[in-house]
Amino acid sequence: MKISSLLIKMKHFRSLALGLLLLLCAPLLSAAGAARRVPVALQAGDVLPTGNEWISLPDIAAADGSLQSFNVISMRHRGLLQVTGQGAGPVLQPYFMAGDKPLAFRNPSWELIEYWIPTAHLTVDGLDATLTWCAPPGSRAAFLRLTLTNRRAAPAPVTMGLRASFGMLSRVTYVPVQLRGERTVGEAPWVAPGEAFSFITQDTEFAWSVIHPGSQAEVTAPPLTATPAVDAKRQVTLAPGETAEALFILGVGVEEFSAAHAGRALKELLERIGADGMLEQAAAWAKARTRSTGQPDLDLLMNRNFLFTELYAWGRTIDTEQLVGVTSRSPRYYVSAAYWDRDAMLWSFPALLDIDKPMAREALEYALTAQLRNAGTHSRFIDGIVLEDGFQLDEAVAPILALASYVKQTGDDNFLRAHREAIITLRDRLLSRYDAETGLYSSLQDSQDEFQPLPFITYDNVLGWRALLDLAALFNRLNEPAAAQDLSARATSLHAAVLARCLSSGAPGAEGSIFASATDGKSFVFTEIPPGSLMKLPALGFVPQDDPAFIRTYKWMHSPSYKYSYFDKPYGLPGSYRLLFTTSWSIADHLSLSAGREQALKVLRASGWDGGIVTEGVDAETGRMDQQGRAFATAAGYVAHAICQMSCTGQPH
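Residues numbered from 1 in each chain as written. Predicted model: local features only at pLDDT ≥ 70, side-chain atom pairs only at ≥ 80, totals over all residues. Heavy atoms only, no water.

This part takes up the pattern of salt bridges. Evaluated as defined, the whole model comprises 31 salt bridges. Among the charged side chains, a salt-bridge network with shared partners connects R342, D343, D394, E395 and D449. (Salt bridge = Lys/Arg side-chain N within 4 Å of Asp/Glu carboxyl O.)

Take a look at the structure:
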């Protein structure tokens, strides 16, 4: 037997084995109960994101279900590879026809299956049309399911179709940069029926496929045109009451064969257990990562953002298969696709611990290996190379806090021992910022990524205090009592230094001494820094909520004496000169404060956010979302975790 034939048979056997495993598990999944379908209210201009660890579908249009773009993560390109359609059009446009006339599938009603899988429904001219997008976990592919049911009294000839357009391939790290190369389309190799789209320079750099079982396709633009395009459609005649479906599969790969066979593997699973079976399994995966507050509106917001942070702040690279962390896999976020210690470890990671501890372990592994050498540097590419230089103390200690919380919750001492050298590296980096004269630790930039002329930032030093305590606990677990004692003593000293050096009565309008945001030991800055807020001091355990200095600080931050307090606005919480609105961080931090919880809940519930996905914040006057900081995947985790800390009952489903 030829080796190539043997390999093909082996691949086929593995696919069959996976399909059989999924088939055997399906009854167990079904026994857990039908998947929840949660209606969502959307505006015509809204989008819905979905996806899995391999492929992101960030902007499914609420108006018609079209997919504006999709992306994968590429280690070679140090960011996202984003595919868009021709001009301003979608990359994938589903459509329905009755006879030879288009069916007006516009502004359908939307539901989310288990808070993550979007499905739309609309009845037009006696035909019930549905559209569902799903990226099953573990698959390097996603599928679109279209159905039509004939509610007419007579038979109806109908068409369900998908138009695919390859207008551009861009590398995205913060902003899209168009890549120059040849875009082509041809038959999907060894997979039929389907087409493979290629992006070629000296060799194929990336490819994607559209596999369409039961449908016929036409290449509607020449294969070597600037915008290769395909129109795939299934035409049937429906008897009264009859339903038909069409399935279209989007596969991705590093070249034509891998892209086509990613689609083929999903096609075979769909053939074996059906679209309903695949949807059940994807829903079961999502359900296992949801929590409950007992309040449907909070559950919807919390669980959508839990799943968004897991699948948009983290993902696997298409070329090296490594798990990496990013600010967001959505190009709608203005600093998407880069790694920040603070975002990953302080904002998204606690949410992973809430819903998926194995995923949290893998994310922490990445932070303590690929990203370790430059921990504390403003931002990096996904391979750890510096993107934006500048030291930030909160970022330097973020992995320490994440590791301590992981070990405390899981008892995984094997992981701790395996990363002892990383702990020492992080400890020494923190200690290198120590200033003997003040007893404080310095930073170049603050938590809103701005240069701070005064080197000692109060919030950062409180985080440093927390990190020293956590390091002491970690070294005790490592049976190194001398190191633990040293770190505990340093923590005690730092606590005293913050209280001695970071409180001042110089804030205009304050009722006494309050916490300054920064100092050099003599001068003070009084402001809020929402991503690193003084309002979080009680949650970190530094002072209780009823501490007099904290109470005075809280009152001043929420008074007319502070320029950015927004105290008199309907949806106001303190902002800053850099963030002129009520921020998502401020909302999350106030949920943990008895004095601020009611206002935080009001803001949380009043905003429509970005179709329900957390943004950087909302307008203090109107509650309208911030337009620049949309699809903010790490902040989504921060808010979801805060909601859960306040109200969750029980463990993940």
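So much for the structure itself; the text now carries on.
A few words now on the packing of helix α4 (residues 341–355) against helix α6 (residues 393–410). The relative placement of two packed helices is expressed as an angle between their axes plus a distance between the axes. The interhelical angle for the contact between α4 and α6, taken along N-to-C directions, is 15°, at an axis separation of 7 Å. As far as their axial angle goes, α6 and α4 are roughly parallel. Between α4 and α6 lies a crossing whose hand is left-handed. For the pair α4 and α6, contact is made by D341, R342, M345, L346, F349 and L353 and by D394, E395, A398, P399, L401, A402, S405, Y406 and Q409, respectively. Considering only residue class, the contact of α4 with α6 consists of nine nonpolar, two polar and four charged. (Axes fitted to C-alpha atoms, helices over the stretch in contact; angles between N-to-C directions. Helix = DSSP H or I, 4+ residues; strand = E, 2+ residues; numbered from the N terminus. Parallel < 35°, antiparallel > 145°, perpendicular 65-115°, else oblique. Left-handed = near helix turned anticlockwise from the far one by under 90°. Contact = heavy atoms within 4.5 Å. Nonpolar A, V, L, I, M, F, W, Y, C, P; charged D, E, K, R; others polar.)

On to the sheet that holds strand β1 (residues 37–40). Ordered in space as β1-β8-β9-β10-β11-β20-β17-β16-β15, the nine strands form an open sheet in which the pairing is antiparallel. Strand pairing shows two members of the sheet lacking a second neighbour, β1 and β15 (182–187), which therefore form its edges. Averaged over neighbouring strand pairs, the angle between their axes works out to 20° when direction is ignored. Those strands touched by helix α2 (residues 256–287) are β8 (109–113), β9 (117–124), β10 (127–134), β11 (141–150), β16 (194–200), β17 (204–211) and β20 (243–253), and its axis lies near 140° from that of β20. (Pairing = 2+ DSSP bridges.)

Looking at the element boundaries, T327 is found in the loop between β22 (323–325) and α4. The buried category is assigned to T327, whose relative accessible area is 1%. A polar atom in the side chain of T327 sits 2.4 Å from the backbone oxygen of V335. Look past the residues within four positions of T327 in its chain and what remains in contact with it is Y333, V335, S336, A337, A338, W340, D343, F632, A633 and T634. (Buried < 20%, exposed > 50% of the residue type's maximum accessible area, 1.4 Å probe, protein only. Polar contact = N/O pair within 3.5 Å; in protein donor to acceptor, adjacent residues only side chain to side chain.)

Within a beta sheet, neighbouring strands are joined by backbone hydrogen bonds and run either parallel or antiparallel to one another. Strands sit in the order β7-β6-β12-β19-β18 across an open sheet of five strands; the sheet is antiparallel. With partners counted over all chains shown, the strands left at the sheet margins are β7 (101–102) and β18 (216–219), one partner each. In terms of strand pairing, strand β6 (residues 92–98) meets β7 through two bridges, oriented antiparallel. Its bridge partner lying in β7, M97 is registered against P102.

With that settled, the discussion passes to the confidence of the model for the protein chain. A low pLDDT means the predicted coordinates there should not be read in detail. Scored by pLDDT, the protein chain has a mean of 93; 94% of the residues are at 70 or more. Every residue in residues 1–32 scores below 50 in pLDDT, and together they form 20 contacts with partners more than four places removed in sequence or on other chains. (pLDDT = per-residue confidence, 0-100.)

Below, the discussion takes up the state of the cysteines. Evaluation of the coordinates by the stated rule reveals one disulfide. Covalent S-S linkage joins C644 and C648, the inter-sulfur distance amounting to 2.1 Å. Every disulfide takes its handedness from the sign of the S-S torsion; for C644 and C648 that torsion is -115°, giving left-handed. (Disulfide = S-S within 2.5 Å.)

With that out of the way, let us pick up the pairing of strand β23 (residues 377–380). With three bridges joining them, β23 and strand β24 (residues 386–391) adopt antiparallel strand pairing. Counterpart to T377 in the pairing with β24 is F391. In this antiparallel pair of consecutive strands, β23 and β24, the connection spans five residues, and G384 shows a positive phi of 95°.

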